[in-house]
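Tertiary structure, described
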Amino acid sequence: MAAIGMRRVRALFLLVLGFIAFGAAFAAYPDKPIRFVVPFAPGGGTDIIARTLGAEMSKDLGQPVIVDNKPGAGTLIGTDNVAKSAPDGYSVVVASFAHAVNPALQPKLPYGSNKAFAPVILIGRGPNVLVVRPDSPYKSVADLIAAAKANPGKLTFASQGAGTSAHLAGEMFANLAKVKLTHIPYRGAGPALTDLLGGQVDMMFATAAAVSNFVDSGKLRALGVTTAEPSPSFKGVPAIAATVPNYLVESWYGLYVPAGTPTAVIDRLNAAARKAARAPDFVRKIEHEGLVINAGAPAELDTYVRAEEERWARVIKENGIKAD
């Protein structure tokens, strides 16, 4: 009996040591660089938000935040990379609009479902902006609609890839305005904007983060914002909904980690991201991009994205939108 009692004491002692070691391991988090996977090419809105936020978060975390661009397949390549990474808090996907629409747009997700991820934080939400070159003959949304009706399929719009906010914003516009536009997808907002500036495409429903500097400098002309009301960051630019009733598209940015990541690690990332998103330097750098900061608890991201998934699933089904 004494031997049995000693074995139980020894087992309990080892269990306690295990818990102590486990806790110590995560108390030390992070002890190496953290990777932010951006599922787009460099230069777009998500990339800008990731780099700005990551630089600010690294100050609090005490470790570098390295941005790893993995574009392609409507964000599935980069997103899947994080889904299949170790759930230790060192691989984070910087998610955006496509994360909420892919379940309805893609016939089969490589990572199964959104249950492959755990939410960290909803950074913020903002408008897309319908932009054209400054020498474009289209001075308003009404001008563009008239030209599209006169020449069905001739006008082209660029996007950072199939299923992204720029793509579906254009498809929704075409459906509600009852016009035919031709979609030209690119591997990221950077290449799309390059061709827009170069005259290879006619327009783009770009994220505010990607085009605010071009609009401010006069290299692009903004015709309308995709939110229900005008954005204070784009003074004098009307809401597209003023010309096309019921039109609404909202961009957003959030952080996810692989499912199974310890709660303590998620809480640490959340706390660092909350602080970073409200830091004066971050706010100053994104103040012209129309982003409304949220930066709340992980559940806020989960609730918001579930609602977006339902809304866009209806839009995709009703309009017969397919991934390229």
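Described in the following lines is the structure provided in the data block.

Conventions and cut-offs
- Residues numbered from 1 in each chain as written.
- Predicted model: local features only at pLDDT ≥ 70, side-chain atom pairs only at ≥ 80, totals over all residues.
- Heavy atoms only, no water.
- Buried < 20%, exposed > 50% of the residue type's maximum accessible area, 1.4 Å probe, protein only.
- Helix = DSSP H or I, 4+ residues; strand = E, 2+ residues; numbered from the N terminus.
- Pairing = 2+ DSSP bridges.
- Core = buried A, V, L, I, M, F, W, Y, C linked by side-chain atoms within 4.5 Å.
- Contact = heavy atoms within 4.5 Å.
- 1 Å grid on protein atoms, 1.4 Å probe; cavity = no way out; pocket = protein on both sides within 12 Å on 5 of 7 lines; lining within 4 Å.
- Points joined across faces, edges and corners; volume = space filled by probe spheres on them.
- Salt bridge = Lys/Arg side-chain N within 4 Å of Asp/Glu carboxyl O.
- Expected span 1.5 Å × (residues − 1).
- Phe/Tyr/Trp six-rings, centres within 6.5 Å; stacked < 30°, edge-to-face > 60°.

Time to look at the pairing of strand β1 (residues 34-38). Here β1 lies mainly inside the structure; four of its five residues are buried. The pairing of β1 with strand β2 (residues 65-69) spans five bridges and is parallel. When the sheet's bridge partners are listed, valine 38 is paired in β2 with asparagine 69. As defined by bridge partners, β1 adjoins strand β3 (residues 91-95) across three bridges and the pair is classed as parallel. Each residue of the ladder has a partner; that of phenylalanine 36, found in β3, is valine 92.

With that settled, consider the nonpolar core. Phe173, Leu181, Met203, Phe205, Tyr247 and Trp252 are the most contacted members of the largest nonpolar core, which has 50 residues in total. If we ignore the near neighbours within four places in the chain, the residues touching leucine 181 are Ala148, Leu155, Phe157, Gly170, Phe173, Ala174 and Met203. Judged by nonpolar contacts, the second largest core, of 34 residues, contains Val67, Ala209, Leu255 and Ala276.

Time to look at unusual backbone geometry. Residue proline 30 is reached from tyrosine 29 by a cis peptide bond, and omega for that bond is -5°. Looking at where proline 30 falls in the secondary structure, it is placed in the loop between α1 (2-27) and β1. Positive phi is not limited to glycine here, since lysine 178 has a value of about 60°. Following the sequence through the fold, lysine 178 ends up in the loop between α6 (165-177) and β6 (182-185). By relative accessible area, lysine 178 is classed as exposed at 68%. For alanine 295, which is not glycine, the phi torsion reads 50° and is therefore positive. Secondary-structure assignment places alanine 295 in the loop between β10 (292-293) and α11 (298-319).

Attention shifts here to the layout of surface pockets. Estimates place the volume of the largest pocket at around 200 Å³. Lining the largest pocket, in full, are Ser113, Asn114, Lys115, Phe117, Pro119, Tyr256, Asp302, Val305, Arg306 and Glu309. Going through the elements one at a time, β4 (117-132) and α11 are the ones with two or more residues in the lining of the largest pocket. For the lining of the largest pocket, the element with the highest residue contribution is α11, accounting for four residues.

Next up on the list: the environment of leucine 301. Within the secondary structure, leucine 301 sits in helix α11. Residue leucine 301 is classed as buried on the basis of its relative accessible area, which comes to 0%. Through-space distance from the C-alpha of leucine 301 to that of leucine 255 is 8.5 Å; in sequence the pair is 46 residues apart. In this view, leucine 301 contacts Pro119, Val120, Ile121, Leu122, Trp252, Gly254, Leu255 and Tyr256; residues no more than four positions away in its chain are not counted.

So, on to the pattern of salt bridges. Scanning the model with the defined rule gives 13 salt bridges in all. Between aspartate 47 and arginine 51 there is a salt bridge, and its shortest N-O distance comes to 3.0 Å. Of the two residues, aspartate 47 and arginine 51 both sit in helix α2 (residues 45-61), four residues apart, roughly one turn of that helix. Linked through salt bridges whose partners overlap, the residues forming this network are Arg35, Asp68 and Lys70.

Two faces belong to every sheet, and in a regular strand the side chains alternate between them. Counting buried residues along strand β7 (residues 203-207), five of its five residues qualify, which places the element largely inside the surrounding structure. Pairing of β4 with β7, which is carried by four bridges, proceeds in the antiparallel orientation. Residue valine 129 lies in a different strand from β7, and its bridge partner there is alanine 206. Pairing geometry for strand β5 (residues 156-159) and β7, over two bridges, is parallel. Residue pairing for β7: phenylalanine 157 is matched across the bridge by methionine 203.

A word on α6. An α-helix turns once every 3.6 residues. As a result, residues three or four positions apart point the same way. For α6, which comprises 13 residues, the first-to-last C-alpha distance of 18 Å matches the rise-based estimate of 18 Å (1.5 Å per residue) to within 8%. Immediately downstream of α6, the backbone of lysine 178 shows phi near 60°, a positive value.

All right, on to α11 then. Counted at 1.5 Å a residue, the expected span for α11 with its 22 residues is 32 Å, and the 32 Å between its end C-alpha atoms agrees. The first or second residue beyond α11 is glycine 320, which carries a positive phi of 60°.

Let's shift gears to the packing of aromatic side chains. The relative placement of two aromatic rings is captured by the distance of their centres and the angle of their planes. As enumerated under the stated definition, the model contains eight aromatic pairs in all. Seen from their ring centres, tyrosine 111 and phenylalanine 117 are 5.1 Å apart, and the 75° between their planes marks the pair as edge-to-face. A single burial state applies to tyrosine 111 and to phenylalanine 117, both of which are buried. Look at phenylalanine 157 and phenylalanine 205: their rings are 6.0 Å apart centre to centre, the planes differ by 90°, and that puts the pair in the edge-to-face class. Here phenylalanine 157, found in strand β5, pairs with phenylalanine 205, found in strand β7; they are 48 residues apart in sequence, far enough to count as distant. The burial state of phenylalanine 157 is the same as that of phenylalanine 205; both residues are buried. What links up through ring pairs into an aromatic cluster is the set Phe157, Phe173, Phe205 and Tyr247.

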